[in-house]
Amino acid sequence: MSSIIESIDIYFLLESLIKIAIVFVIGLLSPVGMNWVERRTLALIQNRLGPNRVGPFGLLQSLADGIKFAFKEDIIPLAANRWLYTLAPIVAVIPAFMVTIVYPFGPEIDLPFIGKTKFYVTNFNVGLLYVLAMTSLGVYGIILAGWGSNSKYSLLGGLRSSAQVISYELSLSLALVGAMLQAGSLDLVKIVESQSGWGGMQWHIFMFQPLGFIIYLISAIAETNRIPFDLPEAETELVGGFHTEYSSSLKFAMLFMAEYVNMLTVSVLATVIFLGGWNGPFVKEIPLLGLLYFFIKISFFMFLYIWLRGTLPRFRYDQLMNFGWKVLLPLALVNIVISAVIGLFVY
Amino acid sequence: MDQIALDIPKLMFLAFAGIAVVAAFNLILQRNPIYSALSLIVTLCVMAALFLMLSAPFIAVIQIVVYAGAIMVLFVFVIMLLNIREEESKVDRQKYLKWAAAPMFLALLAQVFAVIRYVDAQAPPIQSPNAPGVNPADSLGTVESIANAMFTTYVLPFEATSVLILMAIVGSQLLARREKKEDIERIEEALAVEQSEQELAHRTSEKSNEEVAA
């Protein structure tokens, strides 16, 4: 213990704090930007305009919404369990932000004035498992919001959400095992570095994990409760699902933010595990390109979320369960076997 | 710096241990099962932090993934599904447990003291797995070292455990199926009875109709 503690020096501490602050701000701002992009893109898909009045192209719409959230009256329903009702958004948002410290944005880059800087807050031996652990804790926010509101719609939303997350978490984690086997590590940075061959194009999606990637992507959308798997908040059946009783106050904003940061996390994980993270052509020559590649890849996944929301109808509940347990889970297991066999002969 | 370096881990340990104990007490004292479940989740998370301080990151994360993230979600799910609000007072039936509690507590206390007194407290040398020149398989508590131990030295207990889990799965499946079969039989029986009653009623009504006709 003392050896670990003694090795901490004040510069490392300062650097980490600054990085955490930056990552935190990115986490806070991503829902704002994402929300604007989502509303404008959805409007495009649905042949309408979307928010375009507040600021140029409606860019400040999300900011206006945020201000509205902050100043609206905070109503707690009389029948609700006050304690859990208040706790739920906090429980949802904290694990969501805790994950942001392992996002590997880019490689170690020699910056002017600052010197060598790692473009991630930290990396540890069990980074991938840490991400999975935190996302699995995030579901409590939804469950507690559903139960604490003491309303039938919220309760049904919370129940559906927990059942769904338990089911799809399995295939989500199992889909990652194949890539883990190939990378030989659970450290996100090492996983990214293992994909740097072929001039930065030796991504796991090409190197024998296309099936794993598809399973992961589907499970990830279900895990974040997005269309076509948005049964916990299906508005045609459940009004608003688990957040029905949350009037547009800061509590709702927190639930909203947790959802978007979780989407970001899932996209980061997909990028890091399957699409080579910051790797791409010419990254070795110009390391700063890595940041751009990373951003492009994540934007692709975020756009995919919006695209799906604009195009696909919702699953029925029994279809959702059948699909998770009878299709995705066996496929994920098959993928592990295939990866293990390939690993035996290739690596 | 040296002084602070020595004190921080101790303070952190005290803080985490304190939270764990408070949450554990809360778990027992709460009447509402959902509060108890939440306290248990807090205890498990704090335990994970304690594992982390003992430089066992893998066990810490697995603690959260398996217990706090999967098993407790199931617990909370069941509590919500059955909508158990308050614990019904079953104190009368369990009164004798009160008398068993004291000796059990004393035995536990004795055990703790024995562990503190006799077990060698010398911790193995801890290396940060990310430090340069350290093979992750050699440093304690990493995925590599645990996997090595699990699939070489302890491969038999590990496989035995998986067989045990398989047995549990088969057993639960059997229980669920049997219940279902019984249910089906019961429903079929009930339907048959109903049908025969209906037939009886039909016949009698026919009879009465015939009588009326006659």
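Look up a bit, the structure's there.
Helix and strand counts for chain B stand at six helices and zero strands. Reading chain B from its N terminus to its C terminus gives the helix and strand order α-α-α-α-α-α. By the burial criterion, 15% of the 214 residues in chain B qualify as buried. Taking as baseline every contact in chain B between residues at least 6 positions apart, the subset at least 24 positions apart corresponds to 46%.

Right, let's get into the packing of helix α6 (residues 152-183) of chain A against helix α3 (residues 57-82) of chain B. Two elements in contact, α6 of chain A and α3 of chain B, have axes separated by 10 Å at closest approach and are oriented at 150°. Taken together, the axis directions place α6 of chain A and α3 of chain B in an arrangement best described as roughly antiparallel. For the pair α6 of chain A and α3 of chain B, the crossing hand works out as left-handed. Contact residues: Leu155, Gly158, Leu159, Ser162, Ala163 and Ile166 of chain A in α6 of chain A; Ala70, Val73, Leu74, Val76, Phe77, Met80 and Leu81 of chain B in α3 of chain B. Of the residues belonging to the contact of α6 of chain A with α3 of chain B, the class tally is 11 nonpolar, two polar and no charged.

Moving on, we come to the environment of Gly146 of chain A. Residues and elements named next belong to chain A. If you trace the backbone, Gly146 turns up in helix α5 (residues 127-148). In the structure, Gly146 is positioned 178 residues away from Gly324 in sequence and 22 Å away in space, judged by C-alpha atoms. Not counting the four nearest positions on each side in its chain, Gly146 is found in contact with Ser154, Leu155, Gly157, Gly158, Leu159, Ser161 and Phe242.

Attention now moves to the pairing of strand β2 (residues 115-119) of chain A. Direction of pairing for strand β1 (residues 106-111) of chain A relative to β2 of chain A: antiparallel, over a ladder of five bridges. The residue of β2 of chain A that forms the bridge with Asp110 of chain A is Lys116 of chain A.

About the cut-offs
Residues numbered from 1 in each chain as written. Chains lettered and ligands numbered in written order. Predicted model: local features only at pLDDT ≥ 70, side-chain atom pairs only at ≥ 80, totals over all residues. Helix = DSSP H or I, 4+ residues; strand = E, 2+ residues; numbered from the N terminus. Buried ≥ 20, exposed ≤ 12 C-beta atoms within 10 Å, placed from the backbone. Contact = placed C-beta atoms within 7 Å. Axes fitted to C-alpha atoms, helices over the stretch in contact; angles between N-to-C directions. Parallel < 35°, antiparallel > 145°, perpendicular 65-115°, else oblique. Left-handed = near helix turned anticlockwise from the far one by under 90°. Nonpolar A, V, L, I, M, F, W, Y, C, P; charged D, E, K, R; others polar. Pairing = 2+ DSSP bridges.

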